[in-house]
Each structure stands twice: as C-alpha cells, then as structure tokens.
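Architecture and fold: a report
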Amino acid sequence: MVSRFAAAGCGLLAALAALAAARLAAGLTGPQAAPLTAVGSALIDLTPRWLEELAIRWFGSDDKTALVTGMTVAVAVLAAAVGLAAPRRRALSYGTLAGLGLTGGVAALSRPGSTVSNLGPSLVAVAAGLAALHVLRARLLRAFPPPAARPRPMPDAPADEPADDPADDLGDEPGDEIGVRHVDATPAAARGAGTAREDRRALLRAGAAVLGLAAAGEAGGRAITDWRAVADGTAARPELPAPADPAPALPAGTGSPVPGLSPFITPTAAFYRVDTALVVPRVPYRRWRLRVHGLAARPYEVSFDELLALPLIERNITLTCVSNEVGGPYVGTARWLGVDLAALLRRAGVRAGADQILSHSADGWTCSTPLEAVLDGRDALLAVGMNGQALPPEHGFPARMVVPGLYGYVSATKWVTDITLTRFADRPAYWTQRGWAERAPIKTASRIEVPKPFARLPAGPAVIAGTAWAQHRGVAAVEVRIDGGSWRQARLTPWAGPDTWRQWRLDWAATPGRHRVEVRATDVTGHVQPAARVPPFPDGATGWHSVLVTVT
C-alpha cells in the first residue's frame, strides 16, 4: 500500500517547487505578483472591519506575520491533501494544485495597477508544481505499488468475447484505488526486496532533486530581486540636503530619565508600523514622480531630485494610529524632514469646491485628508527623511505625508505617488469606504508606562510615569489618581510644541497591597480626556488608561 507519509510529502514538495518557481518569476515582475503575496493582499482588502480590529488587537504590528503564517499553514495542509489524493485520484489532485496556483493569478490581477505580466508567476507556479507532482507520483507508485489484483470469478466467456482483465479492478480510471495501469503492479515480494528498496531510493532521490530545485529557485528569486534593487536604486537611500528650516532645539529636560519610559524621540527601528502592505513596496527613487492634479488650475509632476531642490523643513511631530487602543503602543515621535505640503498644493492652484486631498500609495492604498488641515498653517509635510536619514522603506521611502493632528489613516500616506485635489462626496478613500470617519482629529490621550501592568513593587518611594498627547493642540496637564482617590497633578517635561507628546511623572509613596493607578490628560483647549472607554472605530479610542500593581 502507498505510504500516506510519503504521499503527503510528495504533495508538500510539489507545493514548494511551485512557490519557489513563482518566487523566481516574481523577481522579474515584482514581489507583489507572487501568488502567496497577492492572495494575502487580497485577503487584507476583503477582511471585514471587526476581524481587522481583532487581528490588530491580538497580534499588533505582527498582524501581517500572523497572516503569512496562517496562509503558509493552509497551503501546507492543502498540499499534503493533494499528495494523499494523487495515487488514487490523479485528475482531482492535479486540478486542485492548478486551481490553487490560478487563484494566486486572479488575486495578482486584482491588485491596483496590475498588468497581464502579474499573471506570470502564478502560471509558472502551476507548471512547476504539476511537473514536480507528476514525477513524484510516478516514483511513489513504483516505490509503493498496489497489491496484485485478484481476478473475479466469472462465467465462461464466448469465444468471440474476451474475458475481463483483472487489471480493471484497479479502478474506473487510470489511477483509481491505488495507481495507474501502466505502472508495474507486481507486489514487492514478487519483484524482490532489492528492487523495492531501489524504487524507494529513487523516490528519495526525486524528492531531494525537487527540494534542491526549489531551493535554487528561491535563491534565484532573491538574487534577481537584489540585483534589481541595486539597478533601480531601491537598495540604497540617498544622502539628504540639510534643512533650510531646522527643527527648534528641544528644551532642556525634554527627555525624562525615568527607566522604562519611552524616549522623547522614538528610534526609527522602534517606531510603530501599521499599514495594509503585505510586502513593503520598493520604489525606485530615481524613477519616482509625484503627480499633483484634480481640482487644480496648474497640475504638475515633480521628481525626487526636484523635490530635494526645494527648501526642506525639519520638525518634531508625533504620529498616532487610529487603531491604537487606550494605553496602546501605536504612537511615536520622530524628527521629520520634508517639503511644505501646503506650498506644493498652492503651486498646483487649488480650485474652488475642493475639500479633500486624495493621496495614492505605490501599492494602491488611498487616503483622504481634509484640505483645510493642510492649508491652515500647521507643519504638514511631504516627508523624505526621518530621524536624520532618508525614510526607511518600511516608513514610506522615497516620500510620505505627515500631517500633525490627524490619525494616520487620513494623514500619513506612505510611498505616495499621486495627490488628487477633489471632494469627499466624490472620491472616498480606502478606510472611509469601510466606515471610518472622513475627518479624524487625534483625541486627547495619555498612558502609564511605568510601572507596567501587574508589576510587583517594593513599598516606599516609587515613580509613576508615562506620555500624553493631543496633537495639534498640545497637552496642558496630566493627572494621576490611585485607588479612586483624588486626582494629583503630575510633573510634565518642558513644552516642545503643540504637535508632540509630553512625558510626565508622579512621585508616589507606595504602601503594601494591590493598587489601581489611573491617568487622564487635559489639552490646551481645556478638554479633559473622558473616562468612558470607546473602541477605535470609527474615529479613535477614548478612556482613562489604568494599571494594577502589587506593592509588597
């Protein structure tokens, strides 16, 4: 009988060959066209809002890793099923494998900006997977042949009518039950133990060959991708000019020395990332161009070099994601370098009636930004640099939008390639189509970072510390209370502007027992952070952050 383990292994090897061949082809067409990536991107677009929020809550910034892991497990299970079916149901197994590959092709063609060439990796995957499965299936049936067919008793057949062929018992079609008729169906015992061992060695050699070719295809795909990155300029980031308008120096004492507290300027490597890109777009800056058009009197395009030739502005700005739960991690401050976004729009000549900036990302994502939030004098940037260097690819290289005071989904388009002046009523964007608010000013918020939830502290002097933010208004005060008692004023670090967060601390004489610590912030307009917990949808979370600690 056919070994189920060997059959499943053949299916897995065929799938590996298919994916590696697709990776090789995607090195030429772009990684977004790879079947697994294309299907994952399509799933992100089709995922209902409640499931997206659940994924972010469970996995945080690792949500894409979780998606890829889940898809990989699903493909592995299906591939093993294809292998198990191959000896008896050849047509079904071949058809299933081809269907999986073509699903990737359909997904690739559905991506924004796709062309017929995006179908190439999926077609290559189907061809490679079927070829590998065909070879492995033949070796599998030689190594584990079916038992000898037992002839059925039958009446004497007329002289002119042939008797039934016992091989017909193998199934209604070639491959039914256990194998195809053209393979040697002699039991291993009849053929000799040596022959059976050699057939199994041949299966192992075939499997090793397929595995080796898959590894070579994967390595070749990576090499082609790396070569293209060097050729088109995405492997290295350019040196940026010095800002014509540098960021003001931070006041002394801006960075609190409390251990465990976030630094005032978030390191680039630690800055949160929330977007819909399953694979980070690699945009060649030498060929990058930004188009500004729509309700514009003078539409135009600008290259990256032309952008760098304009006066550059440097500012410290705190960004926040609308998915951030109360006390969540999706907030950070960076020193951004870029061009005045309002000046770019005025150069195009904004026509009457426009109220929205619809920006497009290189991966097809769209963002709707209120026009008045860019033209009201705040430091809205088309950013090219972050913390003293060119933007990392993960944060939008070669250019992204940064509009202080608005949640990222309406202000922070990464890999931006197109800006259309339009109306909210005419052109909804990616997240507004899914029910999120059109205009999303950041809400006043604060969080406790020290001590951590459920920490155990020694009795005596202790420090409670954290951060608070209310971008484009600024934080005026932070208050802390313990066990529902009276609110106490926390000490704030010096004011660094309305568009950045503020650190705070409160000295506490900790007494033994379990304690609940709560925090609330007040912004410059006098608005106090509300107590009621509200989830992020549709325009950002609210509520007091609290932690439970035990003092011993």
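Definitions and limits used
Residues numbered from 1 in each chain as written. Predicted model: local features only at pLDDT ≥ 70, side-chain atom pairs only at ≥ 80, totals over all residues. Heavy atoms only, no water. pLDDT = per-residue confidence, 0-100. Contact = heavy atoms within 4.5 Å. Helix = DSSP H or I, 4+ residues; strand = E, 2+ residues; numbered from the N terminus. Buried < 20%, exposed > 50% of the residue type's maximum accessible area, 1.4 Å probe, protein only. Lys, Arg positive; Asp, Glu negative; His and termini not counted. Salt bridge = Lys/Arg side-chain N within 4 Å of Asp/Glu carboxyl O. Polar contact = N/O pair within 3.5 Å; in protein donor to acceptor, adjacent residues only side chain to side chain. Axes fitted to C-alpha atoms, helices over the stretch in contact; angles between N-to-C directions. Parallel < 35°, antiparallel > 145°, perpendicular 65-115°, else oblique. Left-handed = near helix turned anticlockwise from the far one by under 90°. Nonpolar A, V, L, I, M, F, W, Y, C, P; charged D, E, K, R; others polar. 1 Å grid on protein atoms, 1.4 Å probe; cavity = no way out; pocket = protein on both sides within 12 Å on 5 of 7 lines; lining within 4 Å. Points joined across faces, edges and corners; volume = space filled by probe spheres on them. Pairing = 2+ DSSP bridges. Phe/Tyr/Trp six-rings, centres within 6.5 Å; stacked < 30°, edge-to-face > 60°. Lys NZ or Arg CZ within 6 Å of the ring centre and 35° of its normal.

**A short note on the confidence of the model for the protein**
When pLDDT is averaged along the protein, the result is 88; 89% of the residues meet or exceed 70. Note on residues 157-190: pLDDT is under 50 here. Beyond four places in sequence and across chains, it has 57 contacts.

**Points about the side chain of D418**
In this structure, D418 sits in strand 10 (residues 416-422). Buried charge without a partner: D418 forms no salt bridge, and the closest opposite charge is R291, 4.1 Å away. Side chain to side chain, D418 and T420 meet in a polar contact 2.8 Å long. Sequence-distant contacts of D418, defined by excluding residues within four places in its chain, comprise L290, R291, H293, L358, S359 and H360.

**Re the packing of helix 4 (residues 63-85) against helix 5 (residues 90-109)**
The interhelical angle for the contact between helix 4 and helix 5, taken along N-to-C directions, is 155°, at an axis separation of 8 Å. Classed by the angle they form, the pair helix 4 and helix 5 counts as roughly antiparallel. Here helix 4 runs over helix 5; the crossing is left-handed. Facing helix 4, whose interface residues are L78, V82 and A85, helix 5 presents R90, S93, T96, L97 and L100. Classifying every residue of the contact of helix 4 with helix 5 by side-chain character gives five nonpolar, two polar and one charged.

**Thoughts on empty space enclosed by the protein**
For the coordinates displayed, the defined rule picks out three cavities of 30 Å³ or more. If you go around the largest cavity, you meet 19 residues; those closest to its centre are N324, E325, A445, W469 and A541. Considered class by class, the residues forming the lining of the largest cavity number eight nonpolar, nine polar and two charged.

**Remarks on the layout of surface pockets**
Empty space left among the atoms is revealed by rolling a probe the size of a water molecule over them. Here the second largest pocket defines a volume of roughly 870 Å³. Along the wall of the second largest pocket there are 43 residues; nearest its centre are I56, D63, V274, D275 and W431. Each residue belonging to the lining of the second largest pocket can be placed in one class, and the counts come to 24 nonpolar, nine polar and 10 charged.

**A short note on the sheet that holds strand 13 (residues 460-469)**
Pairing within the open sheet is antiparallel, and its four strands lie in the order 11-13-17-16. Two strands lie at the open edges of the sheet, namely strand 11 (445-450) and strand 16 (491-492), each paired on one side alone. Note: strand 13 against strand 17 (residues 502-510), nine bridges, orientation antiparallel. Looking across to strand 17, one finds that A462 is bridged to W508.

**A closer look at the packing of aromatic side chains**
Applying the stated rule across the entire model yields 14 aromatic pairs. Judged by centre distance (5.2 Å) and plane angle (20°), the ring pair of F271 and Y272 falls under stacked. Take Y272: its relative accessible area is 15%, and that puts it in the buried class. Judged by centre distance (6.1 Å) and plane angle (85°), the ring pair of W288 and F304 falls under edge-to-face. Taken together, the positions of W288 in the loop between helix 8 (193-232) and strand 1 (289-294) and F304 in helix 9 (residues 304-308) put the pair 16 residues apart, joining distant regions of the chain. The pair formed by W288 and F304 is uniform in burial state, with each residue classed as buried. Among the aromatic side chains, those forming a connected cluster through ring pairs are W365, Y409, Y430, W431, W436 and F537. In this structure, R347 is placed above the aromatic ring of Y300, and the distance from its NZ or CZ to the ring centre is 3.9 Å. When the ring centre of Y430 is taken as origin, the NZ or CZ atom of R434, which lies over that ring, is 3.7 Å away.

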